[in-house]
Structure formats: structure tokens, C-alpha cells
Amino acid sequence: MKKILLLLSAISILMSCNKAGENKYIVTGTVKGIADGKSVTLEVQDETTGQLKPIDTVKIEKGKFTFKGSAKEPEMHLVQVEAVQGKIPFILENGDIDMVINKDSVTITKVTGTYNNDELTAYKENGMKVQKKMMKFQQANMTKMNEAQQKQDTVVMNGLRKEYSKFQDEFAKQSDDYVKSHPKAFISALIIEGMFNQMAPDQTKITKYYNELDKSVKDTKHGKAIKTKLDLLTKPVAVAAGGFEVGSVAPDFSAPNPDGKSISLKESMGKVTLIDFWASWCNPCRAANPEVVALYNELHAKGFNIIGVSLDKDAVKWKEAIAKDKLNWNQISNLKFWDEPIAVTYGVKSIPATFLLDATGKIVARDLSGAALKAKVVALLGK
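Scope of this entry: the structure provided in the associated data block.

Comments concerning the nonpolar core
Counting 68 residues, the largest nonpolar core has Ile 275, Phe 277, Phe 304 and Tyr 346 as the members making the most contacts within it. Looking at this core, the element that brings in the most residues is helix α9 (residues 283-299), giving six residues.

Description of the pattern of salt bridges
For the structure shown, the criterion picks out 15 salt bridges. Between Lys 166 and Glu 163 there is a salt bridge, and its shortest N-O distance comes to 3.1 Å. One end of the pair is Lys 166 and the other is Glu 163, both in helix α3 (residues 154-181) and three residues apart, which spans about a single turn. Its relative accessible area of 46% is what places Lys 166 among the partly exposed residues.

Some words on the packing of helix α2 (residues 115-151) against helix α4 (residues 186-194)
The geometry of α2 relative to α4 is characterised by a closest axis approach of 8 Å and an angle of 55 degrees between their N-to-C directions. Compared by their axis directions, α2 and α4 come out oblique. Together, Asn 116, Glu 119, Leu 120 and Tyr 123 of α2 and Phe 186, Ile 187 and Ile 191 of α4 make up the contact between the two elements. Grouping the constituent residues of the contact of α2 with α4 by class yields five nonpolar, one polar and one charged.

Focus: the sheet that holds strand β15 (residues 363-366)
Strand order across the open sheet formed by five strands is β13-β12-β11-β14-β15, with mixed pairing between neighbours. The sheet terminates laterally at β13 (330-332) and β15, the two strands that pair on one side only. Strand-to-strand twist in this sheet, taken as the mean axis angle between neighbours without regard to direction, amounts to 20 degrees. Bridge count between strand β11 (residues 272-278) and strand β14 (residues 353-357): five bridges; the pairing is antiparallel. Paired with Asp 276 across the bridge in β14 is Thr 354.

Notes on the state of the cysteines
What the rule picks out here adds up to one disulfide. Put simply, Cys 282 and Cys 285 are joined by a disulfide, and their sulfur atoms are 2.3 Å apart. Negative torsions about the S-S bond denote left-handed disulfides, and the value of about 75 degrees found for Cys 282 with Cys 285 makes this one right-handed. Classification of Cys 285 by relative accessible area gives buried; the value is 2%.

A look at the side chain of Glu 193
Topologically, Glu 193 is positioned in helix α4. Take Glu 193: its relative accessible area is 9%, and that puts it in the buried class. The residues contacting Glu 193, other than those within four sequence positions of it, are His 222, Ala 225, Ile 226 and Lys 229.

Things to note about the pairing of strand β6 (residues 88-92)
Burial runs high along β6: four of the five residues are buried. Sheet topology note: the strand β5 (residues 75-81)/β6 ladder contains five bridges and is antiparallel. Within β6, the position partnered with Val 79 by the bridge is Ile 88.

Some details on the packing of α9 against helix α12 (residues 370-382)
When two helices pack together, their arrangement is given by the angle between their axes and by how far apart the axes lie. One can describe the packing of α9 onto α12 by two numbers: an axis separation of 11 Å at closest approach and a directional angle of 20 degrees. When the axis of α9 is compared with that of α12, the two are roughly parallel. Seen along the crossing, α9 lies across α12 with a hand that is right-handed. Side by side, α9 and α12 meet where Glu 291, Leu 295, Glu 298 and Leu 299 of the first sit next to Gly 370, Leu 373, Lys 374, Val 377, Val 378 and Leu 381 of the second.

Points about the packing of aromatic side chains
Pairs of aromatic rings are described using the distance from one ring centre to the other and the angle between the two planes. In this structure the tally under the stated criterion is 13 aromatic pairs. When the centroid spacing of 6.4 Å and the interplanar angle of 40 degrees are considered together, the rings of Phe 137 and Tyr 164 count as tilted. Pair noted here: Phe 137 is in helix α2 and Tyr 164 is in helix α3, with a separation of 27 residues, a long-range link. The class of Phe 137 is buried, set by a relative accessible area of 18%. Here a set of aromatic residues connected by ring pairs shows up, and it is made of Phe 253, Phe 277, Tyr 346 and Phe 355. A cation over a ring is seen here: Lys 218 above Tyr 210, with NZ or CZ 5.0 Å from the ring centre. A cation over an aromatic ring shows up here: Lys 313 above the ring of Phe 337, its NZ or CZ 4.7 Å from the ring centre.

So, how was this worked out
In this convention, every chain numbers its residues from 1, walking through the sequence in written order. Per-residue local features are limited, in this predicted model, to residues with pLDDT of at least 70; the limit for side-chain atom pairs, both in listing and counting, is 80 or more; totals at the level of whole chains, interfaces and linings are taken over all residues. The side-chain values count all of the structure's non-hydrogen atoms but skip hydrogen atoms and water molecules. Throughout this description, the term nonpolar core refers to a set of buried Ala, Val, Leu, Ile, Met, Phe, Trp, Tyr and Cys residues connected via side-chain atoms within 4.5 Å. Burial classification: accessible surface area is computed with a 1.4 Å probe over protein chains only, and a residue below 20% of its type maximum counts as buried, one above 50% as exposed, and the rest as partly exposed. Helix and strand assignments follow DSSP, with helices taken as H or I runs no shorter than four residues and strands as E runs no shorter than two, numbered in order from the N terminus. Think of a salt bridge as a Lys or Arg side-chain nitrogen and an Asp or Glu carboxyl oxygen that are within 4 Å of each other. To define axes, lines are fitted to C-alpha atoms, for helices over the stretch in contact only, and angles between the resulting N-to-C directions are given on a 0 to 180 degree scale. Orientation categories follow fixed angle ranges, with anything under 35 degrees roughly parallel, anything over 145 roughly antiparallel, 65 to 115 roughly perpendicular, and all other angles oblique. Here, two residues are considered to be in contact whenever any of their heavy atoms come within 4.5 Å of each other. Note on residue categories: nonpolar means Ala, Val, Leu, Ile, Met, Phe, Trp, Tyr, Cys or Pro, charged means Asp, Glu, Lys or Arg, and polar means any other residue, Gly included. By this definition, two strands are paired if DSSP reports at least two bridges between them. Whenever a pair of cysteine sulfur atoms sits within 2.5 Å, that pair is classed as a disulfide. Left-handed describes a crossing in which the near helix is turned anticlockwise from the far one by less than a right angle; the clockwise case is right-handed. In this analysis, rings of Phe, Tyr and Trp, with Trp reduced to its six-membered ring, are considered paired at centre separations within 6.5 Å, and the interplanar angle assigns stacked below 30 degrees, edge-to-face beyond 60, and tilted for intermediate values. Charge over a ring is defined by NZ of Lys or CZ of Arg lying within 6 Å of the ring centre and within 35 degrees of the ring normal.

This is how it looks when you write it as C-alpha cells:
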């Protein structure tokens, strides 16, 4: 009898060592083919800089690694295994999380054990089905598209693009269907928040999806971010207090540049100054940049200045866009996406958005582009 009790006690101890306690997590990973002693790093995106930062590092032992801790709420994290190309995304939340990593292809890593990670794995697998069809279509029609481009055959090119867009519609439908049927899933909040990145966010649809979320999801950081963005879209703009109407003096502001130095509007002023609200993820902004660059290069020596205010949240992508688009004027951002305080002050609800100032700092025009912008700048410089 004593032996049985000792055996049961030993089993109980072993089981408790492999189970997360209340409000705790245990992430257990298996990596075949990687030598013991290699490092595994747990990373998360820094809310201020937008860059990834390590929060824990462990070593592989007997082909396994373990992270332990406590999570206040679900949040996307990444695992980086030394000597393995690519990072493994997963949702860090309290509970027992298991991941089996393929060192040759981290994209097929399976993460299971908790509700949100089971859902994330299933969601990704469904997405992969559509992606495989896209790749098959691309491979089958690559030669046809190249020939059409060489011949400038717009009928064929437009036809292929139309067929390809069906896969994008399928992705969008998959996300919509998921949100509708999973009000308690953390992924639903991430999907809804991503809808604000569209060129013309569907406010009605976003509001409906948000209202149907479970309270537990609404109370997460991302759930609260959705509510904040919706409030910014729906609440009336206080023109008198905002100071951004044509004829009023532009409110001063400051924020860090890509090197972390604080730059203000006041020190960026020229005879004529353009405040340009944009972001690396904004396709219309990027499309307009070459025209703005040409205008700046032509008229900067005569007193035309620009200060760019980015609504980015990823510092790396922001810096890459500045370099790629050759934006050689002051660039600043708090990397707070639609919560960018300067954008809030100026009542900016969509981008690109611009404010043209005269030498006194008074707003003389808004959202001019192309020939109209150039004509106005030239006229002001002439004065």
C-alpha cells in the first residue's frame, strides 16, 4: 500500500511539474536536429519603438526548451531559435502551450494547448489553403503575364489581375467569417484592428464586429485600441479648439525623428512649410511621395520645407520607407498608429493629409496635391 501511495505521489509531482499553475504559462518547445546548448529567445514588439525586444532566453536541452512566467492578457509573441531561419509567432497567454518546430521550415510549426493558440493554428492552416491556390495560379500564369506585359496587352493583364483578386477576396471572406463566428477569440481583435489599415476603413462593419466581441476580448489592449480608433472616427472635431482650420495658426508640436532626436514644427519652418501626415503602410501616401520629393528638390533652396508626421507603429518599416522613397526632410513619429497625438491634435482621420503653412505659421491650404500644390507653393514663395 505504501508503495502504491509513493508511486501515486511521484506521478502527481511529475504531472505538476509539467502543468502551469493559476495565472501562469509554460511554453514547451520541441526542436529536432538542433544541438543542445543553442539559445531560444522569446520576443515581443516594443509599444514605443515598434521594434522587437527580447524578454526571455533559454537553452535547448535534449531537443527541448521551456519558457515559464505569467501573462496579464493574451499578446502576440515570437520565438527565435539560434541557427534557425525565421521566427515563430504565437499567442502568449496563461496555460500550457506546446510547439513543435521544424528547423527547415518554421512556417509549418504547430502551436497548441491553449484556446487562442489552437485557434491561431487552425486559422493559419485555412489561410495556407488559399495561399497554395494563389501560388499555383501564379506559377501557371507567370509566362502568360510576362508576355502580356511585353506586348502591353492590357486586356490579358487586367483579366489575370481580376482572377488573382479573387484569392484576396477569399482571404477577406475567411477573416470576416472568422470574426463573426469567434467573438471570444483574441485573433478576432487582431483582425478587426487590421481593418483600420485599409485605404477606406468600413466603419460600419468594424463597429458591428467590435460590438459583437466578448467582453474578455474587448478588455484586452487590442480591444481597447479598436474602441479608441472608432471613437476618433465618430466623435465630432472641435474646430475652435483644434487650431487646424485654414486661416488659423498651426499648433506647434514635436516628436522623435528616426534617430530618437526630438524635432519640432517650429524648428522645421521655412518660408513655406508643408506638414505631411503619412505612413509606410499607406499605399496612396507612398504613391504620392515621388511627386512631393520632386517638388521639394526643386523649391527647397528657395525656402520650401516639409515635415513628415508618420502614423507608423513599426520603426523598421518607417525607416525603410523613408530611405526607399528618398524623403530627405524632417521626419517624426511617436509610432502610435492612429493614436498619434499630433494627428489627433490636427483632426487627421485619413491619410495622406497635408497642411500648407506660410512664413508666419498660418494654415493657408489643406490637402493640395500635384499642380495645385506646386502653384500655391510658388505663389507663396514669390510673396
